Amino acid sequence: MKTETTRRDVLKGGLAMAGLGVVGLPEWAYPALAQDETLVPFTDLPEQIVLRRTPDRRIIDVRYIDGFFTPIDEFFTTQHYGHPDIDTDAYRLRISGLVDEPLALSLDDLRAMPSRELVFGFECSGNRGPLNGLSSNGRWTGVPLRAVLERAGVQDRAREFVFLGADRGEEEVVFRGRTYTVDQQYGRSLPRDRALSDEPLLAYALGGEPLTPFQGRPLRLLVPGWYGAPNVKYLSEIHVQEDQYLGKYQARWYRTLKGEMVNGELKWKETAITRMRLKSYIARVTERGGSHNVFGVIMHDGTPIRSVEVKVDDGDWQPATLDPATTGERYSWKFFNYTWEGATPGEHTVTSRATDEGGYVQPTAEELEVKQTFLEHNAQHPRTVMIG
């Protein structure tokens, strides 16, 4: 299945919805468009936008964001080994390795344990470009990972907690010139302090509904503030061990290669994909009554946001307004708006940048030139628009 959206469709106002009014805030501070509000066309997009929806990949069109939570059937996803067909009645989550009591827990066992909700918005570590469509936000329900591990009894020697999905495939592993073909499950790991913290969740529901196959039915790991790759779907096993885990999607596939100055010399460093890097992106620009609004999204690791700013062309950075309806949840995505007055006809460049409470400022593309690989790309991304 694929959905095609052209600029002409957008300009027809097909997104128009009733505005959501809140006392003391302008009506367009929220993502749903008002009846008299129209989209301004981006000129950095092709004439025809093709959002391919295949069995292994779903991408959202961020221009159409119309609420805090992404609809369940639109939530982004990307998949390496397809969608395993799991009998939920026969399903068991196995906990093994350095535990006092190996477990095999059914979904009913997990649902019988105290649950909690988590509002968590995250993106694929490869999310980038003008559309940033591999990002979404949802309300998840599940059982804290820590509660399950405590039930099994984690031994003192345990250092690495490996999470394996039921999705698997044949892989070629090259070692010193020789190629080995092996059957490999999708897997990621967490260190002891993260696994036994209060935050990771074993989620069995999204938006109050059981997980869909696209979101890892029947169970998935969620690590708040981390990119999508560590949030293992179709979770079937948790193996607790002492040694470091070096599976393909831990040690080779999801890595960043970046230069770093050490003692006055450029050193090349490889790091695993874990916490999300602070990013803001502009989702759309709209016009209403001669004034323009810039609406955007912030993705982050849960560190509070100090500010978000917008710059038009080569002008000064101007403060944008964080949407207060999205700032109450630590790990959700955040929305922002900037009122652009006095826009002149012609093409303009609009850029955003976010700063967190720790003082980290979203970098420019030039500042990220020492990063060789494309994952974790969180540079400021100028958008070009045409004012009529």
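Provided above is the structure to which this section pertains.
Rules used throughout
Residues numbered from 1 in each chain as written. Predicted model: local features only at pLDDT ≥ 70, side-chain atom pairs only at ≥ 80, totals over all residues. Heavy atoms only, no water. Helix = DSSP H or I, 4+ residues; strand = E, 2+ residues; numbered from the N terminus. Buried < 20%, exposed > 50% of the residue type's maximum accessible area, 1.4 Å probe, protein only. Areas by Shrake-Rupley, 256 points an atom, 1.4 Å probe, with all protein chains shown as cover. Salt bridge = Lys/Arg side-chain N within 4 Å of Asp/Glu carboxyl O. Patch = residues over 30% accessible without salt bridge, like charges linked within 9 Å, V, L, I, M, F, W, Y side chains within 5 Å. 1 Å grid on protein atoms, 1.4 Å probe; cavity = no way out; pocket = protein on both sides within 12 Å on 5 of 7 lines; lining within 4 Å. Points joined across faces, edges and corners; volume = space filled by probe spheres on them. Nonpolar A, V, L, I, M, F, W, Y, C, P; charged D, E, K, R; others polar. Pairing = 2+ DSSP bridges. Core = buried A, V, L, I, M, F, W, Y, C linked by side-chain atoms within 4.5 Å. Contact = heavy atoms within 4.5 Å. Arc of directions from axis to C-beta. Phe/Tyr/Trp six-rings, centres within 6.5 Å; stacked < 30°, edge-to-face > 60°. Lys NZ or Arg CZ within 6 Å of the ring centre and 35° of its normal.

A. Layout of the overall build of the chain. Helix and strand counts for the chain stand at 5 helices and 25 strands. Within the chain, the fraction of its 388 residues that count as buried is 51%. A total accessible area of about 18000 Å² is found for the chain, and carbon and sulfur atoms account for 48% of it.

B. Looking closely at the pattern of salt bridges. For the structure shown, the criterion picks out 19 salt bridges. Note that Lys269 and Glu260 form a salt bridge whose closest N and O atoms lie 3.7 Å from each other. Classification of Lys269 as partly exposed rests on a relative accessible area of 40%. Take Glu260: its relative accessible area is 38%, and that puts it in the partly exposed class. The salt bridge involving Asp301 is made with Arg275; its shortest N-O contact spans 3.8 Å.

C. Inspection of unusual backbone geometry at higher detail. The omega torsion across Arg217 and Pro218 is 10°, close enough to zero to call that bond cis. Tracing the chain through its elements places Pro218 in the loop between β13 (209-210) and β14 (220-222). Even without a glycine there, the phi angle at Arg176 is positive, about 50°. Looking at the secondary structure, you find Arg176 in the loop between β10 (160-175) and β11 (178-191). Positive phi, close to 60°, is recorded for Glu376, a residue that is not glycine. Note on placement: Glu376 falls in the loop between β24 (346-356) and β25 (383-387).

D. Geometry of a nonpolar patch on the surface. Nonpolar side chains collect at one region of the surface, where Met261, Leu266, Trp268 and Val370 lie side by side and expose about 390 Å² of accessible area between them. With respect to the secondary-structure elements, Trp268 resides in strand β17 (residues 265-272). What makes Trp268 partly exposed here is its relative accessible area of 47%.

E. Expanded view of the layout of surface pockets. Estimates place the volume of the second largest pocket at around 290 Å³. Around the second largest pocket sit 14 residues that line it, and Lys258, Arg277, Tyr360, Leu368 and Lys371 are the ones nearest its centre. Those elements giving two or more residues to the lining of the second largest pocket turn out to be β16 (255-262) and β17. When its residues are assigned to classes, the lining of the second largest pocket shows 4 nonpolar, 3 polar and 7 charged.

F. Examining the sheet that holds β25 more closely. Taking strand neighbours across the sheet as the criterion, the 4 strands line up as β21-β20-β24-β25 in an open arrangement whose pairing is antiparallel. Both edges of this open sheet fall to β21 (318-319) and β25, since each of them pairs with a single strand only. Sheet analysis places strand β20 (residues 305-312) next to β24, joined by 7 bridges and oriented antiparallel. Among the inter-strand pairings, Lys311 is bridged to a residue of β24, identified as Thr351.

G. Main features of the nonpolar core. Grouped together as the largest cluster of nonpolar side chains are 56 residues, with contacts concentrated most on Leu93, Ile95, Trp140, Leu145, Phe163, Leu202 and Ile238. Aside from chain neighbours lying at most four places away, what touches Phe163 is Leu145, Tyr186, Gly187, Arg188, Ser189, Leu190, Leu221, Val232, Leu235, Glu237 and Ile238. Among the nonpolar cores identified, the runner-up in size contains 22 residues, and Val40, Val285, Val310 and Phe336 belong to it.

H. Broad picture of empty space enclosed by the protein. Following the criterion strictly, the structure yields 4 cavities of 30 Å³ or more and no others. Considering only enclosed or pocket space, the largest cavity measures out at about 220 Å³ in volume. Looking at the largest cavity, it is lined by 18 residues, and the ones nearest its centre are Thr78, Arg220, Gly228, Ala229 and Lys233. Residue composition of the lining of the largest cavity, by class: 8 nonpolar, 7 polar and 3 charged.

I. Spatial organisation of the sheet that holds strand β2 (residues 38-39). Taken in spatial order, the 5 strands make up an open sheet running β2-β18-β19-β23-β22, and their pairing is antiparallel. The sheet terminates laterally at β2 and β22 (321-322), the two strands that pair on one side only.

J. The arrangement of helix α3 (residues 145-152) in detail. Regarding α3, the residues found buried are Leu145, Val148, Leu149 and Ala152. Looking down the long axis of α3, one finds its buried residues gathered within 95° of arc, a one-sided arrangement. Just downstream of α3 lies Gly153, where phi reads positive at about 80°.

K. Structural context of the packing of aromatic side chains. Enumeration according to the criterion identifies 13 aromatic pairs in this entry. A ring pair is formed by Trp333 and Phe335, whose centres lie 5.5 Å apart and whose planes are at 50°; its orientation type is tilted. Residue classification places Trp333 among the buried positions, given a relative accessible area of 1%. Taken together, the aromatic side chains of Phe75, Phe76, Phe120, Phe122 and Trp140 make up a single cluster linked through ring pairs. In this arrangement the basic side chain of Arg111 is found over the ring face of Tyr204, its NZ or CZ atom lying 5.6 Å from the centre. The ring of Phe42 has Arg383 lying over it, and the distance from NZ or CZ to the ring centre is 3.7 Å.

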